[in-house]
Amino acid sequence: MATERDLMDAIARIEADVGGFIAASFVDLESGMTLAAKSNRSDFDLSVASAYNSEMVKQKLKIMKALNLKTTLEDMLLTLGDQIHLIRMITPGTFLYFAADKGGTNLAIVRTAVTKHTTGLL
Amino acid sequence: MVVLDPESDCVVIRVVYDGPPEAGKTTSVRALAGSLGRPVFTPGQIEGRTVYFDWLDYTGGLFEGHRIRCQVVSVPGQSSLAPRRRALLRTADVVVFVADSRREALLGLPGYLQGLAGILSGVDPPPVGLVVQANKRDLPGAAPLDEVRRRLDDAALRVGIVESIAIDGSGVRETFVFAVRLALDRAREQLRSGRLQSERPRVGSGEELLAELKDAEGGALDLAAADGLRHTPLHEVGPSLAGQALADALAHEQAAPRPMGRVWRPAPAEEQPPRAPDPAVAGGLIWPPVNGRLILHETAGLPLRLERGAEGDWCGTAGGRWTVQAPAHAGFGDLERGRTALVDWARIHSASGDALSSERCIALAEDHGGGWRLWQIVREQESLRDVLERAEAGAPAEAARALAACVDHFLEAARFFPRAACRLPLTLAGVAASHPRAPFIGLMPAPAFVRPPEPCPEPLARDLLARELGPHLARLLGGRDAILEALARLPLHEGGAATDLLRERWATS
C-alpha cells in the first residue's frame, strides 16, 4: 500500500513531465475522499472536483454494467474549452484525477506521463 | 450520531481518535490537518497535553449525493480524564485507535481495547468501526505487524490495522480515509433502516463541543485536569478503564430470524481463480457492514492462494488466519441478483446468532469478466479435531482430558447447532475447542445447499460422535488402558460421558 508521500511523489513526477499542470489527486472511489492531492490554483477546489468525479466514475461503471460490457474501465478523458481532464483507474477502488491547461500539453503526453508514473503504485 | 444536515446538504460523521497517553493522537490529528490544509482547534492544553480534545473539521467526498463533513475529534489520554474520554467516544461513528507499537507499549493494549469495546457497545447500532493505527513504526523496538496483530487477537476484537509514523505524517491520511469508509458503512445501514436523521448536528464546531462538555461536566473534571494531569502508562490504565467501561456495556441488538434464501443457478465452470474481495468492495455488498470491511482489510494484506475444491468451490487460506471461500453455484451475471443472494445469505447468518462463530463475514465481489461472486471469510480457530490430533502425541492423561473435553463440547454443539437458521454439519473439525458454547467454526453451507435445521437428539449425537472419533480412537488404541484409567481419575462430570463412550467403542474394536 502506497503512503500519502508515495502518492504525492507520483503527482510531482507527473507535474514535472506535463506542461500546464493545474491539479491532480488520488481518490478513493467508494467515499470520494482524496488520498493525496495537489492543486496549483487556489480557485480550483480539488476536494469538490474529486468527490464529484468519483460519482462520474461510478455512473460510468453502472453504464458498463447496463450494457453488459465484460471489460474494465481504464481511463476517462474530458476535454473542456481550455483544459484537459483525465481520470485513470489505478485499482478497482482508486483513481487518479488530473487536470491541465490545454495550451500547455496534449492528450498523448498526459496519458503517457500518467501511465508511466502510476503503474504499480497501489 | 450520523446526521444529514439539511442546511448544508452534508452527511455529518464523527471520527474519534482514541488511544493511550502519548501514543500520538494529537500528533496524528495535526498531521492530518496539515495534509488536508485545515486548522486544528485545541482548547485548554496544559504542558502540551490535551485536556479536552483536538477538533478538526473537513468536508470532502460524497455519500449518496451529499457532501461528507467529517468532525475529527481526539480524546484526552490521561486516566484522570476518563469520563471526558468516554463522553467523546460515545459520539463516534468510527474510532481510530492510535497505539504505540513498540513491544513494551503493547503489553496493556488488549485490556485498553476491551475497555474501549465496552464503551462502544453502549452506542446504538449499527456497530462503530474500529481502526488501529499502529504508530511509531520508525522507532527501535517497534514490534512486527504480526506481533501487533497477535496482541489484538488477545482482545478478541475485529479491527483494521494501518501502520503509521504520525510525526512525519506517514500512514495518517490512509488511516483516516479507511475510517471514513467504515463510518459511511454505518451511515448506509442507518439510511437503510430508516434511522438516518435529517437535522442540524447537535455540535457544529469545536467551540460548541467545548461548551457542551463543560455543561455536562459542571466543572467536575477541571480540578482533575489541572491537578491530576500526569503521565499514565498504558499498563496502568488498562484494567481500571476496562472495568469501568465494561460495567456500562449493553448487549447488541440481535436481528430477528428471517426466511430462507432461494436456490441459485449454477455458475459456469472455470479454471482461472476468481478475484477475491478486497476492502474496496462497495458499501451494501458486505455483511456485517462495518466489521466485514475490517475483515476484508486484514485479509487483503495477507498472502492468499485459491484452489478449486472437489465440490466446485474456490477455497484458500489467507496468512494462516482466515479461510476464504467462494462457494460453488454462487456466481451471478448481474449485480441485482447477486445482491439478493447476499441479503438472503446474510439473513441466514444473522438469524443463526451464537450458533456461529462471530469472526466471519460474507461479501459480493466483482469477478473477472464483469460477473459477481459470493464469498465467505471465516477466522481459523482451534477445533475439537485439532485438540485430539495434538493429544494423540501426548501422555495418556492429556489424551484423557482432551477426549473428555471433546465429548462434552461435541454434545453441547449437538444441542446448540439446531438453533441456527440452517443445518450445520456436526463434525469435530467444525466445533470450536476453546469456547464454552462450542460455536460452529466451519464454512457455512453454500447458498445452493442450505437446508432447514433439524434437532439432533442425544443418541444420534453420540452415534455421530462415535463415528467422528473412530480414526482417533484407532490411533490411541495402544494406550487404551492408561487413558481409561486417567479418565476414571477425572471428576465424574468431566469424564463420565467420555468413559462410557470409549469403553463401548473400544470394546467393539
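Conventions used here
- Residues numbered from 1 in each chain as written.
- Chains lettered and ligands numbered in written order.
- Predicted model: local features only at pLDDT ≥ 70, side-chain atom pairs only at ≥ 80, totals over all residues.
- Heavy atoms only, no water.
- Pairing = 2+ DSSP bridges.
- Helix = DSSP H or I, 4+ residues; strand = E, 2+ residues; numbered from the N terminus.
- Axes fitted to C-alpha atoms, helices over the stretch in contact; angles between N-to-C directions.
- Contact = heavy atoms within 4.5 Å.
- Expected span 1.5 Å × (residues − 1).
- Bend = angle between axes of the 7 residues up to and from the residue.
- Buried < 20%, exposed > 50% of the residue type's maximum accessible area, 1.4 Å probe, protein only.
- Parallel < 35°, antiparallel > 145°, perpendicular 65-115°, else oblique.
- Left-handed = near helix turned anticlockwise from the far one by under 90°.
- Buried area = accessible area lost by both parts, 1.4 Å probe.
- Salt bridge = Lys/Arg side-chain N within 4 Å of Asp/Glu carboxyl O.
- Nonpolar A, V, L, I, M, F, W, Y, C, P; charged D, E, K, R; others polar.
- Phe/Tyr/Trp six-rings, centres within 6.5 Å; stacked < 30°, edge-to-face > 60°.
- Lys NZ or Arg CZ within 6 Å of the ring centre and 35° of its normal.
- pLDDT = per-residue confidence, 0-100.
- Patch = residues over 30% accessible without salt bridge, like charges linked within 9 Å, V, L, I, M, F, W, Y side chains within 5 Å.
- Areas by Shrake-Rupley, 256 points an atom, 1.4 Å probe, with all protein chains shown as cover.
- Core = buried A, V, L, I, M, F, W, Y, C linked by side-chain atoms within 4.5 Å.
- Domains from an automatic or database assignment.
- Polar contact = N/O pair within 3.5 Å; in protein donor to acceptor, adjacent residues only side chain to side chain.

**Concerning the sheet that holds strand E3 (residues 75–79) of chain A**
Residue and element names in this part refer to chain A.
Working step 1: Reading across from one edge, E2-E1-E5-E4-E3 is the order of the five strands in this open sheet, with antiparallel pairing throughout. Two strands in the sheet have a free side with no partner beyond their single neighbour: strand E2 (34–39) and E3. Taken pair by pair, the neighbouring strands of this sheet meet at an average axis angle of 10°, ignoring direction.
Working step 2: Two elements, E3 and strand E4 (residues 83–91), share five bridges in a ladder whose sense is antiparallel. What sits directly across from Asp-75, in E4, is Arg-88.
Working step 3: Against the sheet, helix H2 (residues 46–66) makes contact with strand E1 (21–28), E2, E3, E4 and strand E5 (94–101), and its axis sits at roughly 120° relative to E5, the strand it touches most.
Working step 4: Together, E1, E3, E4 and E5 form the strand contacts of helix H3 (residues 107–118), whose direction differs from that of E4 by roughly 25°.

**Brief notes about helix H14 (residues 458–475) of chain B**
Residue and element names in this part refer to chain B.
Working step 1: Between its terminal C-alpha atoms H14 stretches 26 Å, which fits the 26 Å expected from 18 residues at 1.5 Å a residue.
Working step 2: Considering bend angle alone, the principal kink of H14 is centred on Leu-469 and spans about 45°; proline Pro-471 follows within four residues of it.
Working step 3: If you check which residues of H14 are buried, you get Ala-461, Leu-465, Ala-466, Leu-469, Gly-470, His-472 and Leu-473.

**Re the packing of helix H2 (residues 82–89) of chain B against helix H7 (residues 206–217) of chain B**
Residues and elements named next belong to chain B.
Working step 1: Axis separation between H2 and H7 bottoms out at 12 Å; the angle between their running directions is 125°. One finds that H2 runs oblique with respect to H7. For H2 against H7, the interelement crossing comes out right-handed. Touching Arg-84, Ala-87 and Leu-88 of H2 are Leu-209, Leu-213 and Glu-217, all from H7.

**Quick look at the pairing of E1 of chain A**
Residues in a regular strand point their side chains to alternate faces of the sheet.
Residues and elements named next belong to chain A.
Working step 1: Across the eight residues that make up E1, a large majority, eight, are buried.
Working step 2: By the bridge criterion, seven bridges tie E1 to E5 in an arrangement that is antiparallel. Looking at E5, one finds that Val-27 is bridged to Phe-95.
Working step 3: Where E1 lies against E2, five bridges are found, and the strand directions are antiparallel. Across the sheet, residue Ser-25 finds its bridge partner in E2, namely Ala-37.
Working step 4: What sits between E1 and E2 in their antiparallel hairpin is a turn of five residues, with Gly-32 showing a positive phi close to 75°.

**Focus: the interface of chain A and chain B**
Working step 1: Each partner contributes residues to the interface: chain A has 22 residues there, and chain B has 30 residues.
Working step 2: Between chain A and chain B, a total of about 2100 Å² is buried, with carbon and sulfur atoms accounting for 50% of that surface.
Working step 3: Among the residues chain A hides against chain B, the three largest losses belong to Glu-30, Met-33 and Lys-65 of chain A. Together they make up 30% of the total.
Working step 4: Inspection of the region where chain A meets chain B yields six salt bridges.
Working step 5: One salt bridge connects Arg-173 of chain B with Glu-4 of chain A, and the closest N-O pair in it is separated by 3.2 Å.
Working step 6: Those elements that place two or more of their residues in the side of chain A that touches chain B are helix H1 (4–17), E2 and H2 of chain A.
Working step 7: In terms of residue count, H2 of chain A provides more of the side of chain A that touches chain B than any other element does, six residues in total.
Working step 8: Of the residues contributing to the side of chain A that touches chain B, the split by class is nine nonpolar, six polar and seven charged.

**Re the environment of Ser-42 of chain A**
Working step 1: Note that Ser-42 of chain A resides in the loop between E2 and H2.
Working step 2: Distance from Ser-42 of chain A to Ser-54 of chain A, taken between C-alpha atoms, is 21 Å for residues twelve residues apart in sequence.

**Focus: the packing of aromatic side chains**
Residues and elements named next belong to chain B.
Working step 1: Using the criterion set out here, one finds five aromatic pairs over all chains in the structure.
Working step 2: Measuring from centroid to centroid gives 6.4 Å for Tyr-58 and Phe-176, while their planes differ by 70°, and the two rings are edge-to-face. With Tyr-58 in strand E3 (residues 54–63) and Phe-176 in helix H6 (residues 172–192), this residue pair connects regions lying 118 residues apart in the sequence.
Working step 3: When its relative accessible area of 1% is taken as the criterion, Phe-176 is described as buried.
Working step 4: The ring of Tyr-52 carries Arg-84 above its face, with NZ or CZ at 3.8 Å from the centroid.
Working step 5: Its guanidinium or amino end placed over the ring of Trp-322, Arg-379 lies 5.5 Å from that ring's centre, counting from NZ or CZ.

**Looking at the pattern of salt bridges**
Here the idea is simple: oppositely charged side chains can pair when their charged atoms come close.
Residue and element names in this part refer to chain B.
Working step 1: Tallying each qualifying case throughout the model produces 41 salt bridges over all chains.
Working step 2: Here Asp-100 and Lys-136 are joined by a salt bridge, their closest N and O atoms 3.6 Å apart. Of the two residues, Asp-100 sits in strand E5 (residues 94–100) while Lys-136 sits in the loop between strand E6 (129–135) and helix H5 (145–154), which places them 36 residues apart along the sequence.
Working step 3: Classification of Asp-100 by relative accessible area gives buried; the value is 10%.
Working step 4: The closest approach of N and O atoms between Glu-212 and Arg-202, which form a salt bridge, is 2.8 Å. Of the two residues, Glu-212 is situated in helix H7 and Arg-202 in the loop between strand E8 (197–198) and H7; the sequence distance between them amounts to ten residues.

**With respect to the confidence of the model for chain B**
Residue and element names in this part refer to chain B.
Working step 1: Confidence in the prediction of chain B, expressed as mean pLDDT, is 83, and 87% of residues score 70 or more.
Working step 2: When the criterion is pLDDT under 50, residues 228–269 qualifies, and its contacts beyond four places in sequence or with other chains add up to 84 contacts.
Working step 3: Complex prediction metrics read pTM 0.72 and ipTM 0.87.

**Structural notes on a nonpolar patch on the surface**
Working step 1: A surface patch of nonpolar side chains, amounting to about 270 Å² of accessible area, comprises Ile-63, Leu-67 and Leu-69 of chain A.
Working step 2: Secondary-structure assignment places Ile-63 of chain A in helix H2.

**Here's the deal with the nonpolar core**
All names here are of chain B.
Working step 1: Counting residues in each nonpolar core, the largest one holds 74 residues, and the members touching the most others are Leu-424, Leu-469, Ile-483, Leu-487 and Leu-502.
Working step 2: Split by domain, this core shows at least three residues from each of two domains, domain 2 (286–379) and domain 3 (384–507).
Working step 3: Among all residues touching Leu-424, those that are not within four sequence positions of it are Ala-355, Leu-356, Phe-417, Phe-440, Met-444 and Pro-445.

**Considering the side chain of His-66 of chain B**
Working step 1: With respect to the helices, strands and loops of the structure, His-66 of chain B is situated in strand E4 (residues 66–74).
Working step 2: A distance of 2.7 Å separates polar atoms of two side chains, one belonging to His-66 of chain B and the other to Asp-9 of chain B.

**Looking at the domain arrangement of chain B**
Residue and element names in this part refer to chain B.
Working step 1: By the assigned domains, chain B splits into domain 1 (3–228), domain 2 (286–379) and domain 3 (384–507).
Working step 2: Area buried by domain 1 at its contact with domain 2 is led by Arg-149, Arg-158 and Asp-185, which between them contribute 46% of it.
Working step 3: Put simply, domain 1 and domain 2 have six salt bridges between them.
Working step 4: Taken together, the connections running from domain 1 to domain 2 amount to six residue pairs in polar contact (both at pLDDT 80 or more).
Working step 5: Among the secondary structure elements, those contributing two or more residues to the side of domain 1 that touches domain 2 are E6, H5, strand E7 (160–163) and H6.
Working step 6: The element contributing the most residues to the side of domain 1 that touches domain 2 is H6, with six residues.
Working step 7: Broken down by class, the residue content of the side of domain 1 that touches domain 2 amounts to eight nonpolar, two polar and seven charged.

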